[in-house]
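Read off the chains here:
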Amino acid sequence: MNPSQRGAAVPKGAEPLPSRLASVRAELAAGGIDALLVTSAANTRYLTGFSGSNSLLVVSHDRAVLLTDFRYRTQASTEVASVVEVEIEGTSLWTRLWSVLRGLSGAKQLAFESTHLLHSDYQRLTDAGARWSWRPTSGIVEALRQRKDPTELAHIRRSVAVAESALAQTLPEIRAGVTELEVGARLEAALREHGSKAHPFETIIASGERAALPHARCSARELKSGDLLIVDFGATTAGYCSDITRTFVVGRASDQQRDAYDIVREANASASAGVRAGMRGRDADAIARDYIERQGLGPEFGHSLGHGIGLEVHEAPRLSKTSDAVLTAGAVVTIEPGIYREGWGGVRIEDDVFLGPDGPEVLTTFPRGLMELGAA
Ligand code: ZN
Ligand code: ZN
């Protein structure tokens, strides 16, 4: 243990960390791996509690060592669980890494996270780290992260509540003549006011024909009466994200807009009610996709149904046409069917759903009926 760590208060919520490390160690042992080098910030946070942006984490069968730099000295001492040793490095984390590895008795076969390592850093492993044998791995920690424990679920619930409060506060200000950027600014300010620590992704405000772009960023376009308006955003609480989409009409909705909206709403409702732990991702996706296809709009639903959320806004599992992955009990996933027509606009409704032992629980409570904003 690093002296600066001795006597440090164990942060709230740190209790699950030893069991997470134990799960990683079981995976390593099963694969004949002596130690894992963790370079993903989210995986590091999950295993240690550390939320800084610059670190290397080594997990062996009997030690967990976090290397970070001077900027994070105080933060590491308050955040990192006592089961993890912290080393503060003043020059190069990589140089320090070799000395940590030399201190691991008998470590020969090491693994790295192939989806979280720059090629230039991989070259360090094969050059300066050539005395060890390095094996690529992926998804060891991500697989564990799918199943949320009660503390994690509480953080996600809080993130959903923060996001919904911020949206409710913003809606009265949305009317024709306001720009997408102004809507985004008001919403993001409201997110902060309600306690969101960070925006988990770039807020999407897409109006009029721009609503046909599923991932449109805010633009200087002014809202016009009769526009569809897609708002896709989230909050972050204690590192955990929410991810919500609602679609509105500025002014009065046309029959064509109502028809499209009703189809997406039904697809969202049936998938949210039908998704289950134990189901394959592709079967969950099919609940919504089959319904939209039966309405003759299959080609207009060009993206996946959803994704896991947690410490990251996009994490396992995937709910897509091609995903054979089985949905883990305890995961929180998004259900976000949409339809998009070039030159006309689009509709998407996205909810966050907990895959509980007794079936799905929709965490999002914001109304799903079509709302006409700023209508005279
Ligand atoms: Zn979203
Ligand atoms: Zn999403």
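Residues numbered from 1 in each chain as written. Chains lettered and ligands numbered in written order. Predicted model: local features only at pLDDT ≥ 70, side-chain atom pairs only at ≥ 80, totals over all residues. Heavy atoms only, no water.

This brings us to the sheet that holds strand E19 (residues 372-373). The strand order across the open sheet built from four strands is E7-E8-E11-E19, with neighbouring strands paired in mixed fashion. Edge positions in the sheet fall to strand E7 (204-207) and E19, since each has one partner strand and no second. Pairing geometry for E7 and strand E8 (residues 228-233), over four bridges, is antiparallel. Looking at the pairing, Ile205 lines up with Val231 of E8. Against the sheet, helix H8 (residues 180-193) touches E7 and E8, its axis set at about 150° to E7. (Pairing = 2+ DSSP bridges. Helix = DSSP H or I, 4+ residues; strand = E, 2+ residues; numbered from the N terminus. Contact = heavy atoms within 4.5 Å. Axes fitted to C-alpha atoms, helices over the stretch in contact; angles between N-to-C directions.)

Next up on the list: the coordination of the zinc ion (ligand 1). Taken together, the protein ligands of the zinc ion (ligand 1) are Asp232 (OD), Asp232 (OD), Asp243 (OD) and Glu350 (OE), with distances of 2.0 to 2.6 Å. In this structure, the zinc ion (ligand 1) is coordinated by four donor atoms arranged in irregular fashion, with angles at the metal of 55 to 149°. As a motif over one chain, the donors of the zinc ion (ligand 1) read D-x10-D-x106-E. Separating the zinc ion (ligand 1) and the zinc ion (ligand 2) is a distance of 3.1 Å, and Asp243 donates to both of them. Taken as a pair, Asp243 in the loop between strand E10 (240-241) and strand E11 (244-250) and Glu350 in the loop between strand E16 (345-348) and strand E17 (351-356) lie far apart in primary sequence, 107 residues in all. Overall, the relative accessible area of 0% leaves Glu350 in the buried class. (Donors = N, O, S within 2.8 Å, 3.2 Å for Na, K, Ca; no water. Tetrahedral: all angles 85-135°; square planar, octahedral: opposite > 155°, others 65-115°. Buried < 20%, exposed > 50% of the residue type's maximum accessible area, 1.4 Å probe, protein only.)

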